[in-house]
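# Architecture and fold: a report
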Protein chains: 2
Amino acid sequence: MTIDHTHDPAARSCVPGADGHPDFPVQNLPLGVFSVGDGARRPGVAIGDHLLDLAAALAAGLLTGEAARAVAAAEGGDLTGLLALGAGPRRALRAQLFALLSADSPDRDRVPPLLHEAASGTLHLPARIGDYTDFFVGIHHATNTGRQFRPDQPLLPNYKHVPVGYHGRASSIRPSGVPVRRPHGQAKPPHRDEPVFGPSRRLDYELELGVWIGPGNDLGAPVPIGDAADRIAGFCLLNDWSARDIQGWEYQPLGPFLAKSFATTISPWIVTPEALAPFRIPQAKRPAGDPDPLPYLLDPADQAGGALDLDLEILLSTRASREAGLGPHRVARSNARHMYWTVAQMVAHHTSGGCNLRPGDLLGTGTLSGPDLDSCGSLLETSQGGKVPIRLESGEERRFLEDGDEVTLVARGRREGFATIGFGACRAMVLPAS
Amino acid sequence: MTIDHTHDPAARSCVPGADGHPDFPVQNLPLGVFSVGDGARRPGVAIGDHLLDLAAALAAGLLTGEAARAVAAAEGGDLTGLLALGAGPRRALRAQLFALLSADSPDRDRVPPLLHEAASGTLHLPARIGDYTDFFVGIHHATNTGRQFRPDQPLLPNYKHVPVGYHGRASSIRPSGVPVRRPHGQAKPPHRDEPVFGPSRRLDYELELGVWIGPGNDLGAPVPIGDAADRIAGFCLLNDWSARDIQGWEYQPLGPFLAKSFATTISPWIVTPEALAPFRIPQAKRPAGDPDPLPYLLDPADQAGGALDLDLEILLSTRASREAGLGPHRVARSNARHMYWTVAQMVAHHTSGGCNLRPGDLLGTGTLSGPDLDSCGSLLETSQGGKVPIRLESGEERRFLEDGDEVTLVARGRREGFATIGFGACRAMVLPAS
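Predicted model, so just to flag it, every value in this text is computed and none were measured.

A separate point is the overall build of chain A. When its secondary structure is counted, chain A shows 12 helices and 26 strands. Against the 2.2 N^0.38 benchmark of 22 Å for 434 residues, chain A shows a C-alpha radius of gyration of 21 Å, consistent with a compact globule. For the C-alpha atoms alone, the extent of chain A along its principal axes is close to 70 × 55 × 40 Å. When each of the 434 residues of chain A is scored for burial, the buried share is 63%. Taking the intrachain contacts of chain A between residues at least 6 apart in sequence as the baseline, contacts between residues at least 24 apart amount to 74%. Accessible surface, chain A as shown: approximately 15500 Å² in total, 51% of it carbon and sulfur. Here chain A carries 41 positive and 49 negative side-chain charges, and the mean point of each set is 4 Å from the other.

Shown next, in the form of structure tokens:
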């Protein structure tokens, strides 16, 4: 993950409002798919409060070589083909866009016709998600939730050996902004002998990062840990909405199913590994007594710089708080460094038995809680299983989510000497059960 | 599920060899995708030992109206669009093909140019599988495997209330004939304190039916149980290959993952609900003391005829047995009636929280074991957890699968007064770990 001139914090953009933008300065340049008035989906890049139409930039002759090939692969407003090309074309595109959008770009007069105001556009899922896999690498989350089921053994014996994951539901992944309907489902309340069917009463969010797969691997051909980082095309935020009452009743012995499959929300921009290069950190040293990862999960470069230092936040806005004119309440602050396994380890493990990943596949990290109550990535943890409500600035209490609640996840890379890089919002409102 | 003239056992076909064919008489007419010499994928129908090219039949003007619309939707050799159209066009296609292929068809002279010998063609996955979900509705399998982990409580408390299922891996589903590479993975042998990584030593098959989804449902719009059968476009056989040593170590708390995701084999023909109408039977009466299904899973028509009477077989051929000129050894015989939940109940449950199914999604039933040792759908059960080997006709023993073993699943509907209907083979050979 090389630091180069595209990370220069002094770089200025010709797009008004981009410099110092909290998410999308010229040092970020995340990839996405948007539509404006006519509804046609176009590949785009976020720059400040604008969307740059990549297809229009290509048509205007402003992209050449590998960068042009990358955008041509995204025809039809689907980045899957671009992701499949891997790091070379993606980096070429970054470099040419950085030059095009710089304050001293010789083509700066040709940029305004390519721009749309972000507020005028709709963002879509950026790629066809073939398979979605959710991991469980947030060790504080695994410990906190495990404690509720197994006070004496919160972490199962496999946790520190296996990057535990499971298959999720791809069809119900939606981009930020699409509301989430409270699901019906079976649950067995503790005071009853038989299960009941009805709207979930323990609806929750989960703060995760999403990982976009670029070049895939053939069935039967595992990706060695040393190559795994090259298969990752970018990152997003991911809210793994969870119905805890449904989950508690259904999950044995085959894992979570309908408790999760009713909705997953992601931030629609693909933030590239290049944009996040300044925020790479060494994988956290394992506490004394923890086992070493098995060799297929060990790579010196990954140990040295495979983890991510990203500030994460969860914001909650309720109907009452909006009516009172209050801003969203910050429920938690956490950081992506609370991952026991790196994303490269997730990829290497996923493919270690021969399972094939395809371009556009999505991996979730699992909930990225920190060690404290105010850094928990789910209400299940914050409210200690629903026992201790949190108090909001509006005076309301929450054990779990109520109808009208709007949850926003935020991620930003901040580092002295570098521009701040953001992911854009991952936001959705809870609608009442139908 | 109406019985009509297309189920007449006396019907004869103009295609030589189709009458009395063990799988594909004119009363079956399963849908698939094949290629011949030029490699182009074409929609097709199996008739006897031949493949009928549906695109060629359409081009020849032999299909009209809804039937023509169905085949047009399968352009490009992908039946997803045809499945999405639902029962009307699918039934119209069946009726016109039945007439076209009848012995007294006025167009019988125009049929031969549409045919290819099955042995000359390659069968492909018939549709784009968006999501694959595997259920667990074989109650004998659930009991047998549960007993190995929990002798005192083989069935968990939710089993008779919830059609338990979980998300599977879509990317690694392959049609019959594609070999399966023995996976590497983490396992913790009982005599060791730490896990090891290496080729699975407990590779197994699982005998399942697959269920193809036709018209889907929108996110947030559950399919009522009374409508659920209409969402099913057909059936196949499914071998849910399983690495038991990997599974035992990884599966808690989120369920099976790499133990299954290295390969799933399906029979490539979509056997329609119409073809299987004669083999519908009432859902088995629940034993006294079992709870009634919750109302969202109860429908009188489903109770009366939502189950399936299909003979199932597992055949095993080893390298030694082939070298000795022996035929495959029948390891087990079972029946699809051993499902505790119907496929309509699976669909209604799956969507009950709002999860959307898409055309081409695939559901597995879970392993369909019978009550006896010689009707077990997995070696884990037959060998009682690997403790009691089975003896093959070749003189060999098997606790789990060895390299070179070839597993074939077979399904046939047999009923007095009706033609026998088969699924075609679901077959794959185990290759050594790479």
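That shown, we press on.
Attention now moves to the state of the cysteines. Enumeration according to the criterion identifies zero disulfides over all chains in this entry. For Cys355(A), which is in no disulfide, the shortest distance to another cysteine sulfur is to Cys426(B) and amounts to 18 Å. Lacking any disulfide linkage, Cys426(A) is separated from the closest cysteine sulfur, that of Cys236(A), by 7.5 Å. The class for Cys426(A) is buried, based on a relative accessible area of 0%.

It is worth spelling out the packing of helix H2 (residues 65-72) of chain B against helix H4 (residues 87-101) of chain B at this point. Residue and element names in this part refer to chain B. With their axes 7 Å apart at the nearest point, H2 and H4 run at an angle of 110° to one another. One element, H2, and the other, H4, form an angle in the roughly perpendicular class. Contacts from Glu66, Ala67, Arg69, Ala70 and Val71 in H2 reach Gly88, Pro89, Ala92, Leu93 and Gln96 in H4. When its residues are assigned to classes, the contact of H2 with H4 shows six nonpolar, two polar and two charged.

A word on the confidence of the model for chain A. Mean pLDDT for chain A: 97, with 100% of residues reaching 70 or above. Per-element confidence in chain A ranges from a low mean pLDDT of 92 for helix H5 (residues 139-149) of chain A to a high of 99 for strand S16 (residues 264-266) of chain A.

This brings us to the domain arrangement of chain A. All names here are of chain A. Assigned domains of chain A: these are domain 1 (5-124) and domain 2 (132-431). Relative placement of domain 1 and domain 2: their C-alpha centres are 28 Å apart. Listed per partner, the contact involves 26 residues of domain 1 and 28 residues of domain 2. Interface area lost by domain 1 to domain 2 is led by His7, Leu83 and Arg90, which between them contribute 26%. Along the contact surface separating domain 1 from domain 2 lie three salt bridges.

Right, let's talk about the side chain of Arg90(A) for a bit. Residue and element names in this part refer to chain A. In this structure, Arg90 sits in helix H4 (residues 87-101). Since its relative accessible area comes to 5%, Arg90 is described here as buried. Looking at Arg90, its side chain comes within polar contact range of the side chain of Glu274, at 2.9 Å.

On the UniProt side, "domain: Fumarylacetoacetase N-terminal" (unreviewed entry) is annotated at positions that read residues 27-126 of chain A here. Annotation note: span residues 27-126 of chain A, helix share 35%, strand share 21%, distance between end C-alpha atoms 20 Å.

All right, on to the relation of the copies chain A and chain B then. Of the two same-sequence chains, chain A is brought onto chain B (RMSD 0.0 Å, axial shift 0.0 Å) by a rotation of 180°. The operation mapping one copy onto its partner corresponds to a two-fold rotation axis. Closest to the rotation axis within chain A is the C-alpha of Gly255(A), separated from it by 2.2 Å. When the interface residues of chain A are mapped onto chain B, 100% of them again fall at the interface, so both copies present the same face.

What follows is about the environment of Asp240(A). Residues and elements named next belong to chain A. Relative to the helices and strands, Asp240 resides in the loop between strand S14 (232-239) and strand S15 (242-243). Residues Asp240 and Asp134, 106 residues apart in the sequence, show an inter-C-alpha distance of 8.9 Å. Residues within four places of Asp240 in sequence aside, it is in contact with Tyr132, Asp134, Tyr166, Tyr205, Glu206, Glu208, Lys260 and Thr264. Only 2.9 Å separates the side chain of Asp240 from the side chain of Lys260, close enough to count as a polar contact.

Attention now moves to the sheet that holds strand S4 (residues 115-117) of chain A. All names here are of chain A. Spatial strand order, S4-S3-S2-S1-S5: five strands in an open sheet with antiparallel pairing. A single partner strand is all that each edge strand has here, and the edge strands are S4 and strand S5 (122-124). Going from strand to strand, the sheet's axes swing by 45° on average, the running direction of each strand aside. The sheet contact formed by strand S3 (residues 50-53) and S4 spans three bridges and is antiparallel.

Take H2(B) next. In an α-helix, one full turn covers 3.6 residues, which means residues spaced three or four apart are oriented alike. All names here are of chain B. By the burial criterion, the buried members of H2 are Ala67, Ala68, Ala70 and Val71. Along the long axis of H2, the arc covered by the buried residues comes to 155°, so they all point the same way. Those residues of H2 hidden inside the fold are in contact with helix H1 (54-59), helix H3 (80-85) and H4.

Here we come to the pattern of salt bridges. Throughout the structure, instances matching the rule amount to 48 salt bridges over all chains. Between Arg110(A) and Asp107(A) there is a salt bridge; the shortest N-O distance is 3.7 Å. On the basis of relative accessibility, which here comes to 39%, the residue Arg110(A) falls in the partly exposed class. With a closest N to O distance of 2.9 Å, Arg244(B) and Glu206(B) form a salt bridge.

A cis geometry characterises the amide bond from Gln252(A) onward to Pro253(A), with omega recorded as 5°. Here Pro253(A) is to be found in the loop between helix H7 (244-250) and helix H8 (258-261). Of note, Leu29(B) is a non-glycine position whose phi angle comes to about 60°, a positive value. As for its placement among the helices and strands, Leu29(B) is situated in the segment before strand S1 (31-35).

When the parts of a complex come together, some accessible area is lost, and that lost area is often taken as the interface size. At the junction of the two partners, chain A supplies 55 residues and chain B supplies 55 residues. Around 5200 Å² of area is buried between chain A and chain B when both sides are counted, 61% of it from carbon and sulfur atoms. Taken as a group, His167(A), Leu254(A) and Phe257(A) account for 16% of the area that chain A buries against chain B, more than any other trio of residues on that side. Summed over the shared surface of chain A and chain B, the number is four salt bridges. Residue Arg169(B) is joined to Asp131(A) by a salt bridge in which the shortest nitrogen-to-oxygen separation is 3.5 Å. Put simply, chain A and chain B have 23 residue pairs in polar contact (both at pLDDT 80 or more) between them. Mapped by element, the contributors of at least two residues to the side of chain A that touches chain B are strand S6 (132-135), strand S7 (165-167), strand S10 (184-187), strand S11 (196-199), H7, H8 and helix H11 (343-351) of chain A. By residue number, the principal contributor to the side of chain A that touches chain B is S7(A), which donates three residues.

Calculation notes
- Residues numbered from 1 in each chain as written.
- Chains lettered and ligands numbered in written order.
- Predicted model: local features only at pLDDT ≥ 70, side-chain atom pairs only at ≥ 80, totals over all residues.
- Heavy atoms only, no water.
- Helix = DSSP H or I, 4+ residues; strand = E, 2+ residues; numbered from the N terminus.
- Rg over C-alpha atoms; globule rule 2.2 N^0.38 Å.
- Buried < 20%, exposed > 50% of the residue type's maximum accessible area, 1.4 Å probe, protein only.
- Contact = heavy atoms within 4.5 Å.
- Areas by Shrake-Rupley, 256 points an atom, 1.4 Å probe, with all protein chains shown as cover.
- Lys, Arg positive; Asp, Glu negative; His and termini not counted.
- Charge placed at Lys NZ, Arg CZ, Asp CG, Glu CD.
- Disulfide = S-S within 2.5 Å.
- Axes fitted to C-alpha atoms, helices over the stretch in contact; angles between N-to-C directions.
- Parallel < 35°, antiparallel > 145°, perpendicular 65-115°, else oblique.
- Nonpolar A, V, L, I, M, F, W, Y, C, P; charged D, E, K, R; others polar.
- pLDDT = per-residue confidence, 0-100.
- Domains from an automatic or database assignment.
- Buried area = accessible area lost by both parts, 1.4 Å probe.
- Salt bridge = Lys/Arg side-chain N within 4 Å of Asp/Glu carboxyl O.
- Polar contact = N/O pair within 3.5 Å; in protein donor to acceptor, adjacent residues only side chain to side chain.
- UniProt positions renumbered as here; feature names shortened; annotations may be inferred.
- Least-squares fit on C-alpha atoms with pLDDT ≥ 70 in both.
- Pairing = 2+ DSSP bridges.
- Arc of directions from axis to C-beta.

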